[in-house]
Amino acid sequence: MIKLTLPDINAKYLYTECIKGIADDALRLKLQQIENEIEAAETVYLQKADLELICEIAAINKNQNPIVAGNVLKSDLTKLYDQYLVPKVKSAREYYDEIFVAVNGVCPFCAGIGTAKTLDHFLPKTNFPIYSVTPANLVPCCRDCNTEKSTTYATIPEKQCIHPYLDNDRYFTERWLTATIVPTDPVSISFSIAAPLNWDDCYKQRVGNHFYEYGLAARFSKAAGAEISTIVDMRKGIMMNCSNEDFRDQLAGTGHDNKYLLNGWKRTMYIALSQSPWFCSKEF
Ligand SMILES: [Zn+2]
């Protein structure tokens, strides 16, 4: 839900850099034999993502360990990530860090609710080992998003989560998130999907699926609940003498502030609060 710039490193380059860290000559030579296959697979990945059809890339059964290309096994490629890209002592680690720091700690999948702690394989490496060290498939991610999504992947277009590097701008520049204020004590808020009416059903289902896969309804409500409690304290304190209309306008002002993400919980929450006559006129 946060659009990221695709890392300026291609798959073949990073693959080659990872291989340089291998001391075992036979393993290194075996892996070098499939550099072109790694490059070709990246081309397919980028083309499919551009068409919003990354789900068409064939998966490998996670319980099997077949040859992926040349004489290279799935386990050779997954180990390449675990043992030659991630460890801080390996020279290729600088590229891991380069991809990771580009987001300034903000997780793109939950629109910054969580702090990015790791790189997520958008297509899980256990099912798509050819993309174990493909930069386009490595997205900084928070622990909660990593846990929520686990190792699932889409097999039909409607189930594809939003790809922060490669997905269509519509998911980042058009409003599809909404919220409703629930008149309870304490005040609560319910987030849901309200995609543009002119969107194809597939686009609508994709944002809904992303919202579901990452457990965003509950996570957004929790984050918003803490903020609403602060707003209520302000309403009872420094904003006590503010008219209902001024209070509403202040909430709306924040809701339309472009410094907050269009489909983030905060902006959506402020709009919902400003549009709730019950909240704006309530005596706390
Ligand atoms: Zn996250």
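Criteria and cut-off values
Residues numbered from 1 in each chain as written. Predicted model: local features only at pLDDT ≥ 70, side-chain atom pairs only at ≥ 80, totals over all residues. Helix = DSSP H or I, 4+ residues; strand = E, 2+ residues; numbered from the N terminus. Buried ≥ 20, exposed ≤ 12 C-beta atoms within 10 Å, placed from the backbone. Contact = placed C-beta atoms within 7 Å. Axes fitted to C-alpha atoms, helices over the stretch in contact; angles between N-to-C directions. Parallel < 35°, antiparallel > 145°, perpendicular 65-115°, else oblique. Left-handed = near helix turned anticlockwise from the far one by under 90°. Nonpolar A, V, L, I, M, F, W, Y, C, P; charged D, E, K, R; others polar. Domains from an automatic or database assignment. Pairing = 2+ DSSP bridges.

(A) Region of the structure containing the overall build of the protein chain. Broken down by element type, the protein chain carries 12 helices and six strands. Dimensions along the principal axes, computed over C-alpha positions, put the protein chain at roughly 75 × 40 × 30 Å. Of all 284 residues assigned to the protein chain, the portion counted as buried reaches 37%. Once local pairs closer than 6 in sequence are excluded, the contacts in the protein chain between residues at least 24 apart make up 70%.

(B) Representation of the packing of helix H9 (residues 216–236) against helix H11 (residues 265–274) in the model. In the contact formed by H9 and H11, the axes pass within 10 Å of each other and the chain directions differ by 60 degrees. The angle between H9 and H11 places the two elements in the oblique class. For the element pair H9 and H11, the recorded crossing hand is right-handed. For the pair H9 and H11, contact is made by Phe220, Ala223, Ala224 and Glu227 and by Trp265, Lys266 and Met269, respectively. Across the contact of H9 with H11, the residue classes break down as five nonpolar, no polar and two charged.

(C) The domain arrangement of the protein chain, seen in detail. Assigned domains of the protein chain: these are domain 1 (11–155) and domain 2 (170–281). Tallying the contact residues gives 10 residues for domain 1 and 10 residues for domain 2. The residue inventory of the side of domain 1 that touches domain 2, partitioned by class, reads five nonpolar, two polar and three charged.

(D) Representation of the pairing of strand E5 (residues 177–182) in the model. Every second residue of E5 is oriented toward a common face, the buried set being Leu177, Ala179 and Ile181 and the non-buried set Thr178, Thr180 and Val182. The pairing of E5 with strand E6 (residues 188–193) spans six bridges and is classified as antiparallel. Following the sheet pairing, Ala179 is matched in E6 by Phe191. In this structure, the hairpin formed by E5 and E6 is closed by a connection of five residues.

(E) Local environment of the packing of helix H1 (residues 11–19) against helix H3 (residues 35–50). Between H1 and H3, whose axes approach to 8 Å, the crossing angle comes to 145 degrees. For H1 against H3, the interelement crossing comes out right-handed. Counting all contacts with H1, which are made through Ala11, Lys12, Tyr15 and Thr16, the residues of H3 involved are Glu35, Ile38, Glu39 and Glu42. Residues that form the contact of H1 with H3 fall into these classes: three nonpolar, one polar and four charged.

(F) Looking closely at unusual backbone geometry. The residue after Asp185, namely Pro186, is reached through a cis peptide bond having omega 0 degrees. Residue Asn104 is not a glycine yet carries a positive backbone phi of 55 degrees. Within the secondary structure, Asn104 is located in the loop between helix H5 (93–101) and strand E3 (116–121). A residue is classified by how many C-beta atoms lie within 10 Å of it, and Asn104, with 10 of them, is exposed. For Ala111, which is not glycine, the phi dihedral falls at a positive 60 degrees. Checked against the element boundaries, Ala111 lands in the loop between H5 and E3.

(G) Here's a closer look at the environment of Leu273. Relative to the helices and strands, Leu273 is located in helix H11. Here the alpha-carbon distance between Leu273 and Thr180, two residues 93 residues apart in the chain, equals 8.1 Å.

(H) The arrangement of the environment of Arg267 in detail. Within the secondary structure, Arg267 is located in helix H11. Accessibility expressed as a C-beta count within 10 Å gives 22 for Arg267, which makes it buried. For the pair Arg267 and Lys222, spaced 45 residues apart in sequence, the C-alpha to C-alpha distance is 15 Å. When near neighbours in sequence (up to four residues on either side) are disregarded, Arg267 contacts Gly255, Tyr260, Leu261 and Leu262.

(I) Structural context of the environment of Ser91. Structurally, the position occupied by Ser91 is in the loop between helix H4 (74–84) and H5. Using a count of 11 C-beta atoms within 10 Å as the deciding quantity, one classes Ser91 as exposed. Residues Ser91 and Lys20, 71 residues apart in the sequence, show an inter-C-alpha distance of 8.2 Å.

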